[in-house]
Amino acid sequence: MKILIDTNVILDVLFARDPFVADSITVLHMCEDDFAEAFVSAKTMADVYYFLRKQCKSEKKVRGVMQKIMSIVTVCGLKAQYFEDAFAMENDDFEDALQAACAKAEGCRLIISRNKKHYDGTGVKCLTPEEFVI
């Protein structure tokens, strides 16, 4: 099963954000164990890099973390069509609509995010990490 992991799930793991970290780590472990094929958007990776660099001054460490993430997930690029698709969605949150457009293009059945309501009207089912791991 293909899934797209939202930025907040990755950040929950990297910054050990309670009470979300345990389920978010489990999602990533499930992907490492081939329970699901995980995708993230290029935008997610750019955002993660930004937040890591704010917290960690070592470029080498940040790159190591980014490479570890990329060993678990496939990074899908952003194409102009994804922006058009996102604009066409009945969704008030453009960034999440863009995530959904990426998920659709990659054939993902689910988006894993703590912000389920942000994916209403996108045509892609969303589960929280807690719901996914049950």
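The present account deals with the structure reproduced in this document. Remember, predicted model here, so these are calculated numbers, not experimental data. (Residues numbered from 1 in each chain as written. Predicted model: local features only at pLDDT ≥ 70, side-chain atom pairs only at ≥ 80, totals over all residues. Heavy atoms only, no water.)

### Considering the sheet that holds strand E4 (residues 110-112)
Strand order in the open sheet formed by 5 strands is E3-E2-E1-E4-E5, with parallel pairing between adjacent strands. For this open sheet the edge positions go to strand E3 (74-76) and strand E5 (125-127), each flanked by a neighbour on one side alone. The sheet shows a mean angle of 35° between the axes of neighbouring strands, direction not considered. With 3 bridges connecting them, E4 and E5 associate as parallel partners. Paired with Ile111 across the strands is Cys126, a residue of E5. Sheet contacts for helix H6 (residues 94-106): strand E1 (2-5), strand E2 (37-41), E3 and E4; angle to E1, the most-contacted strand, approximately 160°. (Pairing = 2+ DSSP bridges. Helix = DSSP H or I, 4+ residues; strand = E, 2+ residues; numbered from the N terminus. Axes fitted to C-alpha atoms, helices over the stretch in contact; angles between N-to-C directions. Contact = heavy atoms within 4.5 Å.)

### Considerations on the packing of aromatic side chains
One pass over the full model with this rule turns up 4 aromatic pairs. Look at Tyr50 and Phe51: their rings are 5.3 Å apart centre to centre, the planes differ by 75°, and that puts the pair in the edge-to-face class. Classification of Tyr50 by relative accessible area gives partly exposed; the value is 47%. Three or more aromatic residues joined by ring pairs form one cluster here, namely Phe83, Phe87 and Phe94. Directly above the ring of Phe20 sits Arg114, whose terminal nitrogen or CZ lies 3.9 Å from the centroid. (Phe/Tyr/Trp six-rings, centres within 6.5 Å; stacked < 30°, edge-to-face > 60°. Buried < 20%, exposed > 50% of the residue type's maximum accessible area, 1.4 Å probe, protein only. Lys NZ or Arg CZ within 6 Å of the ring centre and 35° of its normal.)

### Comments concerning the packing of helix H3 (residues 42-55) against helix H4 (residues 59-72)
Contact geometry for H3 and H4: axes closest at 10 Å, N-to-C directions at 150°. Note on packing geometry: the crossing formed by H3 with H4 is right-handed. Only Glu59, Val62, Val65, Met66, Ile69 and Met70 of H4 make contact with H3, whose side of the interface consists of Met45, Val48, Tyr49, Leu52 and Arg53. Classifying every residue of the contact of H3 with H4 gives 9 nonpolar, no polar and 2 charged. (Left-handed = near helix turned anticlockwise from the far one by under 90°. Nonpolar A, V, L, I, M, F, W, Y, C, P; charged D, E, K, R; others polar.)

### Points about helix H1 (residues 7-14)
Of all 8 residues making up H1, 6 are buried, and the element is well covered by its neighbours. Where H1 terminates, the next one or two residues include Ala16, which has phi positive at roughly 45°.

### Looking at the side chain of Asn91
Structurally, Asn91 is set in the loop between helix H5 (80-88) and H6. Among the polar contacts made by the side chain of Asn91, one reaches the main-chain carbonyl oxygen of His118 at a distance of 2.4 Å. (Polar contact = N/O pair within 3.5 Å; in protein donor to acceptor, adjacent residues only side chain to side chain.)

### Here's the deal with the pattern of salt bridges
Summed over the entire model, instances satisfying the criterion amount to 8 salt bridges. Across the pair Arg17 and Asp12 runs a salt bridge whose closest N-O atoms are separated by 2.8 Å. By relative accessible area, Asp12 is classed as buried at 0%. Between Lys43 and Glu95 there is a salt bridge; the shortest N-O distance is 2.9 Å. Of the two residues, Lys43 sits in helix H3 while Glu95 sits in helix H6, which places them 52 residues apart along the sequence. The exposure class of Glu95 is partly exposed, given its relative accessible area of 45%. By sharing partners, the salt bridges in this structure join Asp12, Arg17 and Arg114 into a single network. (Salt bridge = Lys/Arg side-chain N within 4 Å of Asp/Glu carboxyl O.)

It is worth stressing that arrangement in space is one thing and function is another; only the former is reported here.
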